[in-house]
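# Chain and residue survey
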Amino acid sequence: MTLGSEWWRSAVIYQIYPRSFADGLRADGIGDLPGITSRLPSLVQLGVDAVWLSPFFTSPQKDAGYDVADYCDVDPLFGTLDDFDALERRIHELGLKLIVDLVPNHTSDQHEWFRAALASPEGSVERHHYMFRDGKGSAGELPPNNWESVFGGPAWTRIHDTDGSPGQWYLHLFDTSQPDLNWEDPWVHQRFHEILRFWLDRGVDGFRVDVAHGLKKAPGLPDYTPPVLADGTTAGSMGAVGPAVDDADPPTPPYWAQDSVHEVYREWNEILASYPGERVLCAEAWVEPLPKLARWVRPDEMHQAFNFSYLETPWDGAALRTIIDDSIAAFAGVGAPSTWVLSNHDVVRHATRLALTGDHPQGAGVGPLSTGIPDRAFGLHRARAATLLMLTLPGSAYLYQGEELGLPEVIDLPDAARQDPTWFRTKHERYGRDGCRVPIPWEADAPSFGFSTGAGGTKSWLPQPAYWREYSRDAQLGVAGSTLELYRAALHERAASALGLGGIEWLDGYPDDVVAFRNGAVTVIANTGTSSVTLPGLELLIASDASAALQLPPDTTAWLRS
Ligand code: NOJ
């Protein structure tokens, strides 16, 4: 590893989605903390620097754990706090860092704070912890404003008072089971300070902050209708701000990216800085354009922000050059590294997404009735090229579990298996995100492809397709040309050549659809076009396609020794 003094500036961070990684408890078909611990050596073998764990906290699992009922305990589904401590110890023994997920915009409706709010009268201290408002209409029968939930349907639900009569409404930007907290209330700030300290005291290296653009809402909660974009959609999967009418200055919805949200992160920054080691905050903020997103990583706020603008960039030479330049410039402007990401648990896996044709709005997912789905081999071919390009970029890169195996989105999940609230709240109009959450295939010949390791472990909470077999980790390990070996080779070279700490020097003389640059000792050529291009006469280090030699075929990336 060549991480430099602030490890997060160049780290490769691997996202584990606990319920889908490895089932080591009870063989119930749901992944858990002991399962993760047992599989950690595979991450060292892969060559990543850090692990980000999606939520494993006490939760009714209405949104796969992003509905937290106790921030300071482990859900029995995933194990115990002792299991967490064992996992954390092992991660650190292996020389990796550990980031956990923090979900501050909303709690579960089963959280004791919300239950207390429901049991307390209008205007009470307990109600003030959440966003309760009177309804409109003569009897308060209409929602307080026109906001829509990111998952579809209204963002407000009316409650019944303890005497059974219809009462106030509460805001939930996501599912009904995820009431938004009131970040105007200092009490909420205090509780989250305690939660941060709880996990920092246990030794975590940082937090990925969920919906980091959403905590504060505009005073008065005004009505808002998102502008319709050029492609006919209104907003991104997690409620992106734009790109709207004018990309340079998109309107700011009253529920996202309010200026006052930054106070929260300044408070958190101080808490993290009071701990030894380099503890970090990474913003999940769907904010565009990039200079606006960069406000989340000013020196006294967070350390990293996911670069979703990069994730959403099509496989197109000119677009890629622009987003790379813009990303580096925007983050450098505030002294932060750029991050790079192609997949996560909310988007169609990039082995499918980058080769989709037609309209596929982010967050809608793809399924059996979707059109424009690529052939799996073609999707993977392009994804390998895209990954190889991403891993040469200076800054920190995020990988999502299973992409190192080349996993595609699972298109043909049976309707009855789907669990994403998006699927239900849009009355099956949007497939949602289950297709990227199917459990990992570890061993080609084991039941549930080795996902469920306990005795009789044949289950998997989302069904794994039969063709998962050929993507299994053991079918790829040590096999020249496999996607796993491509990732291993790239991560090894990225570390050896300190690419994460380097810089980009564009190379001239290539067609517009070719992305060509030098990052220190490595020259990178990515061909997004439809004809082969001639490679310079340099030593070929790694190529995303084995046929690359003097000529670089379409949808292929090569690394050469500069
Ligand atoms: C973003 C998370 O990544 C997503 O999975 C979740 O549904 C929403 N935030 C709400 O917490």
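Just so it is clear, the model here is predicted, and its values are computed rather than measured. (Residues numbered from 1 in each chain as written. Predicted model: local features only at pLDDT ≥ 70, side-chain atom pairs only at ≥ 80, totals over all residues. Heavy atoms only, no water.)

## Digging into the sheet that holds strand β7 (residues 156-160)
Condition: The pairing criterion is simple: DSSP has to find at least two bridges between the two strands. The way it works is that DSSP assigns letters per residue, a run of H or I at least four long becomes a helix, a run of E at least two long becomes a strand, and they are numbered from the N terminus.
Taking strand neighbours across the sheet as the criterion, the three strands line up as β6-β8-β7 in an open arrangement whose pairing is antiparallel. Edge positions in the sheet fall to β6 (132-133) and β7, since each of these pairs with one other strand and no more. Sheet analysis places β7 next to strand β8 (residues 166-171), joined by four bridges and oriented antiparallel. Each bridged residue has a counterpart across the sheet, and for Thr157 the counterpart in β8 is Tyr170.

## Things to note about the packing of aromatic side chains
The criterion, for reference: Stacked, tilted and edge-to-face are the three classes applied to pairs of Phe, Tyr and Trp rings, where Trp contributes its six-membered ring and a pair requires centres within 6.5 Å; stacked means planes under 30 degrees apart, edge-to-face means over 60, and tilted covers the rest. When accessible area is computed with a 1.4 Å probe and restricted to protein chains, residues below 20% of their type maximum are described as buried, those above 50% as exposed, and intermediate ones as partly exposed.
A complete count under the given rule lists 35 aromatic pairs for this structure. Relative to Trp199, the ring of Phe84 has its centre 4.9 Å away and its plane inclined at 80 degrees; by these criteria the two rings are edge-to-face. Of this pair, Phe84 sits in helix α2 (residues 81-93) while Trp199 sits in helix α4 (residues 186-202), and the two are 115 residues apart along the sequence. Taking relative accessible area as the criterion, Phe84 reaches 0% and is therefore assigned buried.

## Some points on the sheet that holds strand β2 (residues 50-53)
For the record, the criterion: Every residue pair with non-hydrogen atoms within 4.5 Å of one another is taken to be in contact. To define axes, lines are fitted to C-alpha atoms, for helices over the stretch in contact only, and angles between the resulting N-to-C directions are given on a 0 to 180 degree scale.
Strand order in the open sheet formed by eight strands is β11-β10-β9-β5-β2-β1-β13-β12, with parallel pairing between adjacent strands. With partners counted over all chains shown, the strands left at the sheet margins are β11 (304-305) and β12 (339-341), one partner each. The sheet contact formed by β2 and strand β5 (residues 97-102) spans four bridges and is parallel. Across the sheet, residue Val51 finds its bridge partner in β5, namely Leu98. Most of the contacts of helix α5 (residues 261-273) go to strand β10 (residues 280-283), to which it runs at about 150 degrees, and overall it touches β5, β9 (206-209) and β10.

## Some thoughts on the domain arrangement of the chain
Our working rule: Annotation comment: domain bounds sourced from an automatic or database domain assignment. Two parts placed together each lose some accessible area under a 1.4 Å probe, and the buried area is that loss summed for both. The term salt bridge refers to a side-chain nitrogen of Lys or Arg lying within 4 Å of a carboxyl oxygen of Asp or Glu. A 3.5 Å cut-off defines polar contacts: any pair of N or O atoms within that distance qualifies, except that in protein one atom must be a possible hydrogen donor and the other a possible acceptor, and neighbouring residues in sequence count only when both atoms are side-chain atoms. In this classification, Asp, Glu, Lys and Arg are treated as charged, Ala, Val, Leu, Ile, Met, Phe, Trp, Tyr, Cys and Pro as nonpolar, and every other residue, Gly included, as polar.
Domain assignment breaks the chain into domain 1 (7-107 + 185-483), domain 2 (112-171) and domain 3 (504-561). Taken together, the two surfaces of domain 1 and domain 3 that pack against each other cover about 1,700 Å², and 62% of this comes from carbon and sulfur. The largest share of the area that domain 1 buries against domain 3 comes from Arg321, Leu388 and Thr392, three residues that together contribute 35% of it. In this assembly, domain 1 and domain 3 are joined by two salt bridges. A salt bridge links Asp512 to Arg321, with the nearest nitrogen and oxygen atoms 2.7 Å apart. Applying the counting criterion to the domain 1 and domain 3 interface returns eleven residue pairs in polar contact (both at pLDDT 80 or more). Along the lines of polarity and charge, the residues of the side of domain 1 that touches domain 3 split into twelve nonpolar, three polar and five charged.

## Looking at the site of the ligand
Applied cut-off: The cutoff for a nearby residue is simple: one of its non-hydrogen atoms must lie within 4 Å of the molecule or strand. A 1.4 Å probe and the Shrake-Rupley method give the accessible areas. Residues count as covered only by the protein chains that appear here.
The immediate surroundings of the ligand are formed by 14 residues, with Asp63, Asp210, His345, Asp346 and Arg433 found nearest. Within the side chain of Asp63, a nitrogen or oxygen atom sits 2.5 Å from an oxygen atom of the ligand. For the ligand, an oxygen atom lies 3.0 Å from a polar atom in the side chain of His106. Burial of the ligand by the protein chains amounts to 100% of its free accessible area of 300 Å². A per-class count over the shell around the ligand returns five nonpolar, two polar and seven charged.

## Overview of the packing of helix α10 (residues 376-390) against helix α13 (residues 483-496)
What counts here: Comment on the angle field: the value is read as roughly parallel under 35 degrees, roughly antiparallel over 145, roughly perpendicular from 65 to 115, and oblique elsewhere.
In contact at an axis separation of 10 Å, α10 and α13 are set at 10 degrees when each is read in the N-to-C sense. The orientation of α10 relative to α13 falls into the category roughly parallel. Across the interface between the two elements, Leu380, Arg384, Thr387, Leu388 and Met390 from α10 touch Thr483, Leu486, Tyr487, Ala490 and Arg494 from α13. Tallied by class, residues from the contact of α10 with α13 come to six nonpolar, two polar and two charged.

## Observations concerning the pattern of salt bridges
This structure, assessed with the given rule, holds 28 salt bridges. Across the pair Lys216 and Glu184 runs a salt bridge whose closest N-O atoms are separated by 3.6 Å. Here Glu184 lies in the loop between β8 and α4 and Lys216 lies in the loop between β9 and α5, a separation of 32 residues in the sequence. A salt bridge links Asp346 to Arg437, with the nearest nitrogen and oxygen atoms 3.2 Å apart. Of the two residues, Asp346 is situated in the loop between β12 and α9 (350-353) and Arg437 in the loop between α11 (421-425) and α12 (473-476); the sequence distance between them amounts to 91 residues. Residue Asp346 is classed as buried on the basis of its relative accessible area, which comes to 4%. Assessed through its relative accessible area of 3%, Arg437 is described here as buried. Within this structure, Asp63, Asp346, Asp420, Arg433 and Arg437 form a network of salt bridges that share partners.

## Points about the state of the cysteines
Put plainly, two cysteines are in a disulfide when a covalent bond ties their sulfur atoms together. Going by this rule: When the sulfur atoms of two cysteines come within 2.5 Å, that pair is taken as a disulfide.
In total, this model carries zero disulfides according to the counting rule given. Of the cysteine sulfurs around Cys436, a residue in no disulfide, the closest is that of Cys282, at 17 Å.

## Here's the deal with α4
Applied cut-off: What a helix should span is 1.5 Å times the count of its residues minus one.
With 17 residues, α4 should cover 24 Å at 1.5 Å per step; its first-to-last C-alpha distance of 25 Å lies within 8% of that length. Within α4, the full set of buried residues consists of Val188, His189, Arg191, Phe192, His193, Ile195, Leu196, Trp199 and Leu200. Phi for Gly203, located one or two positions after α4, is positive at around 110 degrees.

## Things to note about the nonpolar core
Our working rule: Only buried residues count toward a nonpolar core. Its members are Ala, Val, Leu, Ile, Met, Phe, Trp, Tyr and Cys residues joined through side-chain atoms within 4.5 Å.
By size, the foremost hydrophobic cluster in this structure holds 150 residues, and its most contacted members are Phe56, Phe84, Phe192, Phe207, Tyr265, Trp268 and Tyr310. Excluding residues within four positions of it along the chain, Phe207 makes contact with Ile99, Val100, Leu102, Leu196, Trp199, Leu200, Leu272, Val280, Leu281 and Cys282. The next biggest cluster of nonpolar side chains, apart from the first, holds ten residues, and it includes Ile525, Leu535, Leu552 and Leu560.

## Quick word on the side chain of Thr339
Take Thr339: it is sitting in strand β12. Take Thr339: its relative accessible area is 0%, and that puts it in the buried class. Among the polar contacts listed, one links the side chain of Thr339 to the backbone oxygen of Ala305, at a separation of 2.6 Å. Apart from residues lying up to four places away in sequence, Thr339 is in contact with Gln304, Ala305, Phe306, Asn307, Ser396 and Tyr398.

## Quick notes on the pairing of β5
Side-chain positions along a regular strand alternate between the two faces of the sheet. The buried fraction of β5 is high, at five of six residues. Inspection of the sheet shows β5 paired to β9 by four bridges, in the parallel sense. Bridging from a neighbouring strand, Asp101 pairs with Arg208 of β9.

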